[in-house]
Amino acid sequence: MGSTGYTCIRRTFCSFNILIWLCGSGFLAIGVWLHFAFPGYATLLPDHAVLSADCIFITVGVISFVIAFFGCCGSWFQSRCFLVIYFTLVVLLFLSEFLLGSLAFVFRGGIGRMLTQELKYGIEKHYNVSDRGGFLTPSVASIWDNLQVDLQCCGVSSYEDWYDISAWPGERWVPQSCCRSQYNSLFSEGSGDELANVDCRKAGNPALLWDKSCGQILQMWFVQRLHIVGTVVLVIGFLQLFGLISSMLLFCTVKHKRSSKTYKSYSPTVDTTLNRNGTSATYMDD
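Residues numbered from 1 in each chain as written. Predicted model: local features only at pLDDT ≥ 70, side-chain atom pairs only at ≥ 80, totals over all residues. Heavy atoms only, no water.

Caption draft 1: Expanded view of the packing of aromatic side chains. Tallied over the entire structure, the rule returns eleven aromatic pairs. With a centroid separation of 4.9 Å and 70° between ring planes, the pair formed by Phe16 and Phe242 is classed as edge-to-face. Taken together, the residues span a long stretch of sequence, with Phe16 in helix α1 (residues 3-37) and Phe242 in helix α8 (residues 226-259) at a distance of 226 residues. The class of Phe16 is buried, set by a relative accessible area of 12%. The class for Phe242 is partly exposed, based on a relative accessible area of 30%. By the ring-pair criterion, three or more aromatic residues cluster together here, those being Tyr127, Trp144, Trp162, Trp168 and Trp173. Note that Arg108 overlies the ring of Phe105, its terminal NZ or CZ placed 4.4 Å from the centroid. Taking NZ or CZ as reference, Lys202 lies 4.4 Å from the ring centre of Trp173, over its face. (Phe/Tyr/Trp six-rings, centres within 6.5 Å; stacked < 30°, edge-to-face > 60°. Helix = DSSP H or I, 4+ residues; strand = E, 2+ residues; numbered from the N terminus. Buried < 20%, exposed > 50% of the residue type's maximum accessible area, 1.4 Å probe, protein only. Lys NZ or Arg CZ within 6 Å of the ring centre and 35° of its normal.)

Following this line, the structure appears as structure tokens:
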């Protein structure tokens, strides 16, 4: 391979890893912001807070940052050691993704049941009507109420998930956000519908509530967007494959260049000095 091709591979690989490094830094910053700005989301899964959005963003950001760091260093300093570390980390990442994806597919039923139980536990123990949080730091009650109003759903599996929770022990009540739009107000005097004058939260009448559970709607939402998930997986796989191939090409080229008697390490100072003296470095295989 000539020096032109070597330089092209090196610059492309370095630019690619700088882009990944910037993306990783962005994910890390978003994760840290979510962790401090929206702490209530971690309470939705009390025993599995690691699955919350902030932890996922932080994990992806740290992994991308570290891998891209070794890639940039290996390219800039033409270090075979850094390139080998980079290649090894990408391979381990690919194997981990494949293993986790396979386990998630095989045990998808158990994982679904576990998440359902965790969400129900979060409702039972952490829902507090009086705690609404703030605009930047919503509470568990605010998160669930907004979710149920936006998706027009009630409960994780059914409206009965709200019965006998710590916010109203021993009562068969539901939050106001479970009520259908026409029954969502406690002050509906003058309405032609006699049910509109009933306190929907305490009536115990399923006809006043949203008929679908939030778990069912979220599952449908995810299934309808499987093509987006597939596209993201393919893009991630392509980027990892590109990183593996380009790192090995660069590794082999660096090894070949260093074994050549005319090898010259990249240095802008040396290039300037050589050009000033009217000389130029050549490679044996050009």
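Additional details are given in the paragraphs that follow.
Caption draft 2: Expanded view of the side chain of Gln148. For Gln148, the position within the fold is in helix α5 (residues 140-151). A polar side-chain atom of Gln148 sits 2.9 Å from the main-chain amide nitrogen of Gly155. When neighbours within four sequence positions are excluded, Gln148 is seen to be in contact with Cys153, Cys154, Gly155, Trp162, Pro175, Ser177, Cys178, Trp210 and Cys214. (Polar contact = N/O pair within 3.5 Å; in protein donor to acceptor, adjacent residues only side chain to side chain. Contact = heavy atoms within 4.5 Å.)

Caption draft 3: Quick look at α5. Taking 1.5 Å of rise per residue, the twelve residues of α5 would be expected to cover 16 Å, and the 16 Å separating its terminal C-alpha atoms lies within 8% of that figure. Of the positions making up α5, those classed as buried are Val140, Ala141, Ser142, Ile143, Trp144, Asp145 and Gln148. Where the residues of α5 are buried, they touch α4 (108-126) and α7 (214-223). Directly beyond the C-terminal end of α5, a positive phi value near 55° is found at Gln152. (Expected span 1.5 Å × (residues − 1).)

Caption draft 4: Geometry of empty space enclosed by the protein. A full pass over the atoms with the stated rule returns one cavity of 30 Å³ or more. Of the volumes computed, that of the largest cavity is approximately 30 Å³. When its residues are assigned to classes, the lining of the largest cavity shows four nonpolar, two polar and two charged. (1 Å grid on protein atoms, 1.4 Å probe; cavity = no way out; pocket = protein on both sides within 12 Å on 5 of 7 lines; lining within 4 Å. Points joined across faces, edges and corners; volume = space filled by probe spheres on them. Nonpolar A, V, L, I, M, F, W, Y, C, P; charged D, E, K, R; others polar.)

Caption draft 5: Seen up close, the state of the cysteines. Evaluation of the coordinates by the stated rule reveals three disulfides. One disulfide in the model links Cys154 with Cys178; its S-S distance is 2.1 Å. Because the sign of the S-S torsion sets the handedness, a value of about 90° for the bond joining Cys154 and Cys178 places this disulfide among the right-handed ones. A residue pair is termed long-range when its members are at least 10 positions apart, and Cys154 in the loop between α5 and α6 (200-203) and Cys178 in the loop between α5 and α6 qualify at 24 residues. The same class applies to Cys154 as to Cys178, namely buried. Numbered in order of appearance, the disulfide-bonded cysteines of the protein are paired 1-6, 2-3, 4-5. With no disulfide partner, Cys73 has as its closest neighbouring cysteine sulfur the one in Cys72, 6.9 Å distant. Under the relative-accessibility criterion, Cys73 is labelled buried at 12%. (Disulfide = S-S within 2.5 Å.)

Caption draft 6: Structural context of the packing of helix α2 (residues 53-76) against helix α3 (residues 80-106). α3 packs onto α2 with a crossing angle of 150° between their chain directions and a minimal axis gap of 8 Å. Classed by the angle they form, the pair α2 and α3 counts as roughly antiparallel. Along this stretch, α2 crosses α3, giving a crossing that reads as left-handed. Contacts between α2 and α3 involve Ile63, Val66, Ile67, Phe70, Gly71, Cys73, Gly74 and Ser75 from the first element and Phe82, Leu83, Ile85, Tyr86, Leu89, Val90 and Leu93 from the second. By residue class, the composition of the contact of α2 with α3 is twelve nonpolar, three polar and no charged. (Axes fitted to C-alpha atoms, helices over the stretch in contact; angles between N-to-C directions. Parallel < 35°, antiparallel > 145°, perpendicular 65-115°, else oblique. Left-handed = near helix turned anticlockwise from the far one by under 90°.)

Caption draft 7: Summary view of unusual backbone geometry. Positive phi, close to 50°, is recorded for Gln78, a residue that is not glycine. Along the polypeptide, Gln78 turns up in the loop between α2 and α3. The class of Gln78 is buried, set by a relative accessible area of 3%. Of note in this structure, Gln152 is not a glycine but carries a positive phi near 55°. Looking at the element boundaries, Gln152 is found in the loop between α5 and α6.

Caption draft 8: Here's a closer look at the nonpolar core. Within the largest apolar cluster, 22 residues are counted, with the highest numbers of intra-cluster contacts made by Tyr127, Trp144 and Trp162. Listed by contribution, the elements that provide at least two residues to this core are α5 and α7. A total of three residues in this core trace back to one element, the largest contributor, which is α5. Of all hydrophobic cores here, the second largest spans 13 residues; its members include Phe70, Val90, Phe251 and Val254. (Core = buried A, V, L, I, M, F, W, Y, C linked by side-chain atoms within 4.5 Å.)

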